[in-house]
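Architecture at a glance
Given next are the chains, with one letter for each unit.
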Amino acid sequence: MRLSWPEHLQTARTLELSGDDQRGTALALMGVALLLLAQDLLAQELEQPA
């Protein structure tokens with residue numbers, strides 16, 4: 001995984017605290033964070049034996 005689960009949560013909390021004037025940037029970064037989380041979860045699922 002690129003980020004641990006606590007690191008994903010901390011990223012989301014940090015972005016949540018952004019001001020109204022930075023909302024667009026925060027939403028874009030949340031999109032990137034969600035993409036990374038989805039990739040990390042898929043990689044973890046593929047590593048586990050069936």
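You'll find the structure just up there.
Residues numbered from 1 in each chain as written. Predicted model: local features only at pLDDT ≥ 70, side-chain atom pairs only at ≥ 80, totals over all residues. Heavy atoms only, no water.

Quick word on the overall build of the chain
What counts here: Helix and strand assignments come from DSSP, with helices taken as H or I runs of at least 4 residues and strands as E runs of at least 2, each series counted from the N terminus. The method behind every accessible area is Shrake-Rupley, applied with a 1.4 Å probe, and residues are considered shielded solely by the protein chains displayed.
Of regular secondary structure, the chain possesses two helices and zero strands. Dimensions of the chain, computed from the C-alpha atoms along their principal axes, are close to 45 × 15 × 15 Å. For the chain, the accessible surface area stands at approximately 4,200 Å², while carbon and sulfur atoms represent 62% of it.

Notes on helix H2 (residues 23–47)
Note the cut-off: To estimate the expected span of a helix, count its residues, drop one, and scale the result by 1.5 Å. The buried label goes to any residue with under 20% of its type's maximum accessible area, the exposed label to any with over 50%, and the partly exposed label to all in between, with areas taken from a 1.4 Å probe on protein chains only.
Taking 1.5 Å of rise per residue, 25 residues should cover 36 Å, and H2 covers 36 Å from first to last C-alpha, within 8% of that figure. Those residues of H2 that fall on the buried side of the exposure criterion are Ala 26, Leu 37 and Asp 40.

Quick word on the pattern of salt bridges
Where we set the bar: What makes a salt bridge here is a side-chain nitrogen of Lys or Arg within 4 Å of a carboxyl oxygen of Asp or Glu, nothing more.
Scanning all chains against the criterion turns up one salt bridge. Among the ionic pairs, Arg 23 bridges to Asp 20, the shortest N-O distance being 2.1 Å. Overall, Arg 23 belongs to the partly exposed group, its relative accessible area being 45%.

As for the packing of helix H1 (residues 5–16) against H2
Between two packed helices, the angle of one axis relative to the other and the distance separating the axes together describe the packing. Rule in force here: For helices, the axis comes from a line fit to the C-alpha atoms of the stretch in contact; other axes are also lines fit to C-alpha atoms, and the angle between any two N-to-C directions lies between 0 and 180 degrees. Oblique is the label for any angle not under 35 degrees, not over 145, and not in the 65 to 115 range, which are roughly parallel, roughly antiparallel and roughly perpendicular in turn. Handedness of a crossing is defined here by the sense of rotation of the near helix relative to the far one, left-handed for an anticlockwise turn of less than a right angle and right-handed for a clockwise turn. Any two residues having at least one pair of non-hydrogen atoms within 4.5 Å are treated as being in contact.
Viewed as axis vectors pointing N to C, H1 and H2 meet at an angle of 170°, and their least axial separation amounts to 10 Å. Classified by the angle their axes make, H1 and H2 are roughly antiparallel. Here the hand of the crossing between H1 and H2 comes out left-handed. Of the residues in H2, those touching H1 at Trp 5, His 8, Thr 11, Ala 12, Leu 15 and Glu 16 are Ala 26, Leu 29, Met 30, Ala 33, Leu 36, Leu 37 and Asp 40.

Section: the environment of Leu 9
Mapped onto the elements of the fold, Leu 9 is located in helix H1. Among the residues examined, Leu 9 registers a relative accessible area of 30% and is labelled partly exposed. Spatially, the C-alpha atom of Leu 9 lies 20 Å from that of Gln 22, the residues being 13 residues apart in sequence.

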